[in-house]
Structures are given as structure tokens and as C-alpha cells.
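Reading the structure
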Amino acid sequence: MPSIDASIARYAARFRPDRTPRTRILPPHLQALEAEAIHIMRDVAGAFGNPVLLYSIGKDSTCLLHLALKAFWPSKPPFRLLHIDSLWEFREMARFRDGLRDALDLDLTVYVNREGADRDINPFISGTALHTQVMRTDALLQALDQGRYDAIFGGGRRDEEKSRAKERIFSFRDRKHVWDPRNQRPELWRLYNTRLAEGESMRVFPLSNWTELDIWQYISEEEIPVVPLYFAAPRPVVDRDGTLIMVDDDRMPLARPDEPETKTVRFRTLGCYPLTGAVESDARSADAIVAELIATRSSERAGRLIDHDDAASMEVKKREGYF
Amino acid sequence: MHDTRPVEPAAWTGSGDVLRLLTCGSVDDGKSTLIGRLLYDSQAVFEDQLRSLERDSRRYGTTGEDHDLALLLDGLQAEREQGITIDVAYRFFRSDRRTFIIADTPGHEQYTRNMATGASQADAAVILVDARKGVLSQTRRHTFICHLMGIRHIVLAVNKIDLVDYSHDIYQRIGDDYRRITDAMDFATIVPIPVSARFGENVVHRGRLTPWYAGPTVIERLEAIPAATAADDLPFRMPVQWVNRPDPDFRGLAGTILAGQVAVGDDVVVAASGQPARVDRIVTADRDRTAARAGEAVTVLLDTNVDVARGDVLAAARDRPEVSRLLSADIVWMSDQPLLPSRPYLMRIGSTYTQASIVRIKHEVDIDTLDRRPARQLGLNAIGRCELSTAAPIAFEPYVRNRDLGSFILIDRFNNQTVGAGMIRFGLRRAQNIHAQAGLVGKARRAAMKQQKARVIWMTGLSGAGKSTIARQVDLHLTEHGLHSYLLDGDNVRHGLNQDLGFTDADRVENIRRVGEVAKLFVDAGLIVICAFISPFRSERRLVRELLGADEFVEVFVDAPLDVCRRRDPKGLYKKALAGQIANFTGIDSAYEPPETPELTLRTDQLTVQEATDRILGLILRA
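Cut-offs and rules
- Residues numbered from 1 in each chain as written.
- Chains lettered and ligands numbered in written order.
- Predicted model: local features only at pLDDT ≥ 70, side-chain atom pairs only at ≥ 80, totals over all residues.
- Heavy atoms only, no water.
- Helix = DSSP H or I, 4+ residues; strand = E, 2+ residues; numbered from the N terminus.
- Buried < 20%, exposed > 50% of the residue type's maximum accessible area, 1.4 Å probe, protein only.
- Contact = heavy atoms within 4.5 Å.
- Areas by Shrake-Rupley, 256 points an atom, 1.4 Å probe, with all protein chains shown as cover.
- Pairing = 2+ DSSP bridges.
- Axes fitted to C-alpha atoms, helices over the stretch in contact; angles between N-to-C directions.
- Arc of directions from axis to C-beta.
- Salt bridge = Lys/Arg side-chain N within 4 Å of Asp/Glu carboxyl O.
- Domains from an automatic or database assignment.
- Buried area = accessible area lost by both parts, 1.4 Å probe.
- Polar contact = N/O pair within 3.5 Å; in protein donor to acceptor, adjacent residues only side chain to side chain.
- Nonpolar A, V, L, I, M, F, W, Y, C, P; charged D, E, K, R; others polar.
- Disulfide = S-S within 2.5 Å.
- Core = buried A, V, L, I, M, F, W, Y, C linked by side-chain atoms within 4.5 Å.
- Parallel < 35°, antiparallel > 145°, perpendicular 65-115°, else oblique.
- Left-handed = near helix turned anticlockwise from the far one by under 90°.

**Here's the deal with the overall build of chain A**
A count of helices and strands for chain A gives nine helices and 10 strands. When burial is assessed residue by residue, chain A has 63% of its 323 residues classed as buried. In chain A, 75% of the contacts between residues at least 6 apart in sequence involve partners at least 24 apart. Counting only carbon and sulfur atoms, one obtains 49% of the accessible surface of chain A, whose full area is about 12200 Å².

In C-alpha cells form, the structure reads like this:
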């Protein structure tokens, strides 16, 4: 495996004005999904004054970034990237983010809820719910208010979760960033209603019609670099109520110093390391993940601790402004 | 003309194009169960989702001990409790042959708008019928919307066949009934299939209890439906979404090709202006292309610097789209606020917005009987054939020829809600033969002769607020100052010019439109026009404002609380309205929308007539 830095450098070269032409052709369903996503992103660039791409460093938002690089080439994407840093993410994520930012010369803002950080909000002590509320949802709303963004790209997909399945591609938010699932604008053809009043905003989901499998096939076909945590490797993990948590730094409370055991694991989603379960897997490449997904029988949100409280919990979080 | 030119071949020959389909049925037809069954039997349901399903089935389920597959789909908390689906939800699954995107739309009758939304993107529809009930008026309604929205292929799932003892006769009778109601509609294929969604009969797996049925299962049929033709054989069309200018030498027109093919060297035009150019480069981030086709998102560079912006349509020079400002279209109305002729709406078509208003409603379609009937307005979920006029010329294709270039949405200009969906039938030529005749004497000159500035003083407010009283005083004082004014008053106009109009919302809109046009003529004649009209709707007042020049419209809100107006009741109208003798009375059973930013507000419960008059005169005489 080439190092991640080398992959990122090679990747960035593809978007230089003097790029070497790529001749690889996508399968038809990915061609259609890619064209749809590019169409949506260009529509936003044309219709909104101050868009932003919410970049979470995960595979979906890295695909989103890839699509933006393609949609506006040879220009850079005409909007900023925003990362909400909870201060509890895997260390490899920040490394990857900064590598990509430097290689592609991206306009990227990292936002931290300083008040939450000062109060030492912590998933172990404060609890999952409060941590997520303060360091993710509150932080996002603060960053959006400060930036006065009118369109916010997110990497959400309709196959992820039941309440997402009903969300529009252009999803209206009122001045308080609240989503009202019962009062959504009908969305017909490719004619997105981009009209807003002062202070209102639109969350835009170009990957709405993609599935997890589509994402991995696209990453494989398009050779998009992703955070190496997605690929299987021996990692130190502890078992917490049946969920494998990786010991990413010394903030992780351990029962005994020798508690962590080394297992070959990978992650299907990335976020705060204490809240993200690993799966045992031998898939060391995007292709291997595609093969694994075709065989697997577990949905990707199973590894996300915050979604478990109740089947309807995502809907509640979304109404409050969570992505 | 493009047929002979080679387009870059798609190297991929493996499985998997995308079929978008719509499912429709009544609340109890078992639609969610059918989709759940499709997902479950094609193994698109994960183990943890199944565990969650088992838990939910115990909590909300309606099938006793079995998994209630419908619960896989009903996404929103409240819906899960009510047991009905209320909005459009999208589902994804694959078979060995292709990828499917299902738009799951509710069957309940007040949700026509959701069905139209799901249908707008679908290539095929699965229509459910309960075998015990047969073809209902709801079935007919769903089928008509599919037809209207341009769906070509129908799969008729005759569901709950287990509850009629797997009866061949019932299946056949329902198929025959259905063919009768679709006689006049133009579907490419209709395939009836006997199904038990609950037990999985003929959904993914072939049923053993319907040995008399030799046709395809639902999934087999869905795999065989030809995907939407990519509109390759139509002439080239591409709305420009974004102009790409990284440096002065590169001016790319970014957009998705919606019809036809384009190649380097092709002659194209900007549709609305007719400016010609030749295609110099076709760019994607991967590589420069020699040609591209419908469905692809590309960036086109032209050989000359023509005037092109977002919203323009690039088109084949030798086969240009129709361009018109007057259109005939079918409209599905999606708002509680009815569609009213003359009211301006915002129209989005392609990548452009323009203002549009309905000139007239030719008829409304009764979707239960498919009868046409005259209509003065369209209510929520109504479908009507209309003539529209647009502020800017529109380049389009008839909807039956190309959905993307023949569709539009209408947006309320005040709350930005999407209120209507339209499908263009054809352009009307009438407007092209009428050209405005400019006179030799302009309004500025006429006003200068009178030593005044011509304008409209528009007084709006509830009946009894004092509009007419103040207006008469203003008129008198202006005359005494030697100025030339004219008073247009609601009651007087309704005795002559507008004697054919009543007090429905549609008639109120037309009333104000006519008054606005008359006021405009008087302003052209150099007069100060004082208008005293309840004019309850913001959009019509804005319409009049937009008919006039920037500072020619002075909106005066004659504001008195409703109970004050009711106490005054100078014409005894409130009394009658409250007694039910007058319908649609503003403030009683018809809404009044106060101005948001009037030039002047007069609280007539706090001012004398003289004070109110002086404030208006101050405004006019000062300027």
C-alpha cells in the first residue's frame, strides 16, 4: 500500500489545469448518480450567495468534495469547506483533512465550540447525548450563524436511516435551523426551489440517492483517497457492551492498563472515537469493502452509538438541526 | 443530424442501470408491505434493521406475530403511530440486473401533490389494488396522475390475492376493469400481476398458490422495463447552470445536457436571443471530450464570446426549441391557497426563474371521472389546463417530448413555497402579433404640463377603516391646490368597469388587476390617482406596484382595528356578514393581509379625518 500522503499528492495532481486525462469510465448507475450530484452542486453555486460544504472527513463528505472538484473544474469549488471538530475525533482524521487541504489548496475552516471545550464536555463523563449536543449540534449552529451561509452541503444519504428517506435534496431550514418534516416543499423533476427569505437556509444533499455500496464502488472506481481507518489493520480496541472501541489516545478510561487487545478491525463510519464502533474485518481496500458489503448483513449505522437510543432518535436530532 | 457521428462508447457492459419507480395505492392496499417485501426478499434489509423491525412490530405492528414489513418504511415517528405514510420516501435496492429507486407515495386522497412529486421522476409505476375491492376511484385517480406526469409503464399489483382464495376470476376481472379505465390514456405497457405482499407470492419469488398465472413476478417485470430513453435522439439542449471563469482565457458554460448530443464543431445558438456560436471544447474534470450526450454534466466552451448567463439554454442551431411568453400547460396545484388567475407567481423552468401569471383556466379535470369542468380557481390537489404568460420569453419543449425541458414549478412570491407543478403542452402564438404602441407624448411631459408628478396613492384597509372618507378629502384638497387628480373608489368601479365580478378570491384579484391597469393609464395621462380599495392581498398590491414606475406607487395603510370597523359599520355590511347574509367578507370569513412596508400608515382610530388627510397631502406636496 502506498502511503496516504503519496495517494493524496497523486490525487491532487488530477485536478491541476494540466491534468493527465483519465480514461476510466464509470458503470452506468454511477455515471447517473455522479451527473445528478454535479447538477445539484452547480445549481447551488448558481443560485445561492454564500454556500458552504460541511466536511466531516468521512467517506461520504470526501466523495462530496470529489464531486465538487469535478463539478467546477478547472475552477476550484466556489465555496468554503467547514469542519466541525468535536475534539474527540480519531487523530488520523485531522491528519488526513490537513493533508487534503494542503495538497488541493482548499479554503477550509475548522470550528470548535470553545465554550463546550472550556467546560470540558467529554463523552465519558458528560455522556454521549450531551457531548453530541454541545460539540456537534450546538457547534454546527454557531458556525452556520457566524458564517451566515445560505446553502449548506451535507453528505447525507436517504438509505442511511428511515427519517432521512423522506428528506428533500434541497431541505429547507427556518431561521432557527429547524427542519419541519411535515412542511417540506414538494420537489419535482430537477427543478429545485432555491428561494429563501433573509436568515433562512437550505441544507443540500447531493448524495441523497446514493447507497453505502454506491459510495464504496465510486471510491474504488474513482480512486478517491479516504482516511485509512476505513481499511482493516491491527488496532488496539476494548469491548464496551459488545461494541469494539479503539483506544486512540490516553483519554480513554481503561479497566486495567493491559485491557486493550489488538484486533484486525476497520470502521464503517468515522466520528468521535469513543462513540464509533469498529467491525472485525480483513477488508484492506475499497474493492474488498465492496465485496464485504455485498456479503454483509448489518447496516452501517449499527456502529454509531448515538443513533441507538430509539428508532426515532435521528428524527428528533434532525429536527433540532443535526445533520 | 447527429445520428451518424460516433459518440464515445460506454465501455461498461455489466449489470446495472437505474430504474426509478413509483408505488401508489390506497391506505390499506398494502403498499408499504409490498415494498418491504421487495426489500426483504431481495435481501436489502440488514440484520440490525430486522431486529429493530421485530421490536417495532411488537410496538406498532398490525400483523400479529409476523414481522410487519410495512414498518421498515414508515419513517417518521407520528406516521408510525398513525399507521399511514404521509409523504414521499425513497428506497433503494438492487437485483442482479439493475438498481432501483422507489418513490413511495401515499395513497390518501388529499395527498395528490406527493404522488405528482414522486411521479415526476419515475419511469414506471406499481399501482396496487386490493383484490377484495377491485378498481376504485382512487385507482383511477392514481393512474390518471401517472398518465399526466408522463409515466410510460404500469405494473398493476392485484394484492391480497390470498384473501380471495387465489381466485383467477377475480384477478382477470380486475385486469379487465383496469384496461377499460386506461383506454384513453397512452401507456406503453400495462402488466397485471396477482400478488400477496404479506406472504411474498409473486413479488420476488414465484408463488405456488397461483398455478394459473404464467406471467412475470413483480421483480421480473421491473427488471424487464426499458429504462427511460436518454433523450439521445432529440436535438441538443443544455440549460446553462453556472459560468466557469477561472481565468480570462477560459469561459466555460457548465450544465447538464437534457436532450440530444453535442460534439466539438457543432453549431449552436443561445435559444432566447438566437446568438450563434460553434462548440470549441467539451470539458470534464477527467478529460476533454469529442462529444457528449443527454444525461451528462459537462462544461462547454464556445468559439465566440456570446452573451450567455445562468438560465440561458444552449441548443442545436438547426433545430431550435420553441420560445414563447404565452404557454398552454397542465398544472397540478399543491397549496392551500388556491391558484388565482392574474396573480403573479415565480416560475422556475430549467435553470431560470421568471415571473408568470395564469391568463385563464381553460378547465379543471375531475380526477375521479376525468370530466372537464369550467373553473375560476384551482384548489389544493386540483389539476387544470391553463394559459400562462411569463415576464421573460421561455425556451421549452412540449412535456410529452422532453420532461426536463417541458416542466416548471410555480412558487409563491411571499412565502417561497412551491405551490404548483406544470407541464407545458405548447406555446401560444397570440402574443407575438401584439406589440405595444408607444405614443408620441410621454407621461413625464403630460405631468409637467400640469406641474405635478403623476402617481398612484393606493389606500388599502378593512371596510369601515375610513379609506373612502379620507380619499374624498385628499381629492378635494388637491383640486383646491390646483393639482389634477382623480378618485377611483371600490364601490364606484364595481358598478361599471367591474360589474361582472363578485367577491370570491379569484374575482378580488381580477378586480384589483383591472383597477391597477386603469390607474396606470391615468398615470400615463399625468394624473394623481387616488385609489380606495380594500385590496386584501399583498400579491395584488405588489402587482399594481410593479405595473408602475419606481416612485409612482404610494401605499397607504388605512389601519383601524377590526372591532372599531365593526362598530362603525357605515354601510351595515359587518352586520350582514356576521348574520351570514354576505359571504367572503374581508375580516369576517375572508383574510386581510396588512402591508409589510407601506409608505404611510394611518391609524384612523387615533387620527381625525383632517389629520389623516394632511399626512397624505404632506407626502404628495412635499415631493
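Once the structure has been displayed, the description carries forward.
**Quick look at the sheet that holds strand β5 (residues 170-173) of chain A**
Each strand in a sheet pairs with its neighbour through backbone hydrogen bonds, running either in the same direction (parallel) or in the opposite one (antiparallel). All names here are of chain A. The strand order across the open sheet formed by six strands is β3-β2-β1-β4-β6-β5, and the pairing between neighbours is mixed. The sheet terminates laterally at β3 (108-111) and β5, the two strands that pair on one side only. Ignoring which end each strand starts from, the neighbouring axes of this sheet average 30° apart. Bridge analysis of strand β2 (residues 80-84) against β3 gives four bridges, and the strand direction is parallel. Looking at β3, one finds that Leu 81 is bridged to Leu 108.

**A short note on helix α1 (residues 4-13) of chain A**
Residue and element names in this part refer to chain A. When we look at burial in α1, the residues that qualify are Ser 7, Ile 8, Tyr 11 and Ala 12. Projected down its long axis, α1 carries its buried residues within an arc of 130°, all on one side. Pointing more than 90 degrees away from the buried face of α1 are the exposed residues Asp 5 and Arg 10. Residues of α1 that are buried in the fold lie against α3 (59-72) and α4 (91-104).

**Here's the deal with the pattern of salt bridges**
Under the counting rule described, the total for this entry stands at 67 salt bridges over all chains. Between Glu 36 of chain A and Arg 20 of chain B there is a salt bridge, with its nearest N and O atoms 3.1 Å apart. Of this pair, Glu 36 of chain A sits in helix α2 (residues 28-47) while Arg 20 of chain B sits in strand β1 (residues 18-24), which puts the two residues in different chains. In this pair, the class of Glu 36 of chain A matches that of Arg 20 of chain B, namely buried. A salt bridge links Arg 513 of chain B to Glu 510 of chain B, with the shortest nitrogen-to-oxygen separation between them at 3.0 Å. With Arg 513 of chain B and Glu 510 of chain B both in helix α12 (residues 505-524) and three residues apart, this pair spans about one turn of that helix. Accessibility expressed as a relative area gives 15% for Glu 510 of chain B, which makes it buried.

**Regarding the side chain of Arg 14 of chain A**
Within the secondary structure, Arg 14 of chain A sits in the loop between α1 and α2. Classification of Arg 14 of chain A by relative accessible area gives buried; the value is 14%. Residues in contact with Arg 14 of chain A, not counting those within four places in the same chain, are Arg 19, Arg 22, His 66, Glu 222 and Glu 223 of chain A together with Ala 285 of chain B.

**Re the domain arrangement of chain B**
All names here are of chain B. Considered domain by domain, chain B is made up of domain 1 (18-224), domain 2 (237-316), domain 3 (326-430) and domain 4 (443-622). Computed from C-alpha coordinates alone, the two centres of domain 2 and domain 3 are separated by 29 Å. Between domain 2 and domain 3, the residue contacts involve 10 residues of the former and eight residues of the latter. Note on domain 2 versus domain 3: buried area summed over both sides is about 790 Å², and carbon and sulfur give 59% of it. For the pair domain 2 and domain 3, the interface holds one salt bridge. A salt bridge links Glu 397 to Arg 237; the nearest nitrogen and oxygen atoms lie 2.7 Å apart. Inspection of the domain 2/domain 3 interface yields four residue pairs in polar contact (both at pLDDT 80 or more). In the side of domain 2 that touches domain 3, the residues fall into six nonpolar, two polar and two charged.

**Regarding the state of the cysteines**
Residues and elements named next belong to chain B. Evaluated as defined, the whole model comprises zero disulfides over all chains. Just so you know, Cys 24 is unpaired, no disulfide at all, and the nearest cysteine sulfur is the one on Cys 146, 4.2 Å from it. Residue Cys 531 stays outside any disulfide, its sulfur separated by 20 Å from that of Cys 565, the closest cysteine.

**Topic: helix α4 (residues 112-119) of chain B**
Counting buried positions along α4 of chain B yields eight of eight residues, so the element is predominantly enclosed. Considering only its buried residues, α4 of chain B is in contact with β1, β2 (89-94), β3 (99-104), α5 (137-148), β17 (322-333) and α8 (403-406) of chain B.

**Some details on the nonpolar core**
Counting 83 residues, the largest nonpolar core has Met 41, Leu 53, Tyr 55, Phe 170 and Trp 216 of chain A as the members making the most contacts within it. With nine residues, α2 of chain A is the single largest residue contributor to this core. Residues contacting Trp 216 of chain A, with those up to four places away along its chain left out, are Lys 59, Val 226, Tyr 230, Phe 231, Ala 286, Ile 289, Val 290 and Leu 293 of chain A. Residues Ile 102, Ala 116, Leu 148 and Ile 174 of chain B belong to the second largest nonpolar core, which totals 74 residues.

**Structural notes on the sheet that holds strand β28 (residues 600-603) of chain B**
Residues and elements named next belong to chain B. One open sheet accounts for five strands, arranged β25-β26-β24-β27-β28; its pairing is parallel. On the outer flanks of this sheet lie β25 (485-489) and β28, each paired with one strand and no other. The mean inter-strand angle of the sheet, taken between neighbouring strand axes irrespective of direction, is 20°. As paired strands, strand β24 (residues 455-460) and strand β27 (residues 553-559) are joined by five bridges and run parallel to one another. Paired with Ile 457 across the bridge in β27 is Val 554. Of the strands in this sheet, β24 and β27 touch helix α13 (residues 538-547), which is tilted by about 155° from β27.

**Some remarks on the domain arrangement of chain A**
Residues and elements named next belong to chain A. For chain A, the assigned domains are domain 1 (4-16 + 23-214) and domain 2 (226-314). Between the C-alpha centres of domain 1 and domain 2 there is a distance of 22 Å. Listed as interface residues are 26 residues of domain 1 and, on the opposing side, 29 residues of domain 2. Carbon and sulfur atoms supply 64% of the area that domain 1 and domain 2 bury against each other, a total of about 2700 Å² over both sides. Area buried by domain 1 at its contact with domain 2 is led by Trp 88, Phe 90 and Phe 124, which between them contribute 27% of it. For the interface between domain 1 and domain 2, the tally reads two salt bridges. Here Glu 212 ties to Arg 268 by a salt bridge, and the two come within 2.7 Å at their closest N and O atoms. For the side of domain 1 that touches domain 2, the residue count by class is 10 nonpolar, six polar and 10 charged.

**Some remarks on the packing of helix α7 (residues 212-222) of chain A against helix α8 (residues 286-295) of chain A**
Residues and elements named next belong to chain A. In the contact formed by α7 and α8, the axes pass within 8 Å of each other and the chain directions differ by 160°. Regarding the angle of α7 to α8, the classification is roughly antiparallel. Where α7 crosses over α8, the two elements pack in a sense that is left-handed. Residue-level contacts link Glu 212, Leu 213, Trp 216, Gln 217, Ile 219 and Ser 220 of α7 to Ala 286, Asp 287, Ile 289, Val 290, Leu 293 and Ile 294 of α8.

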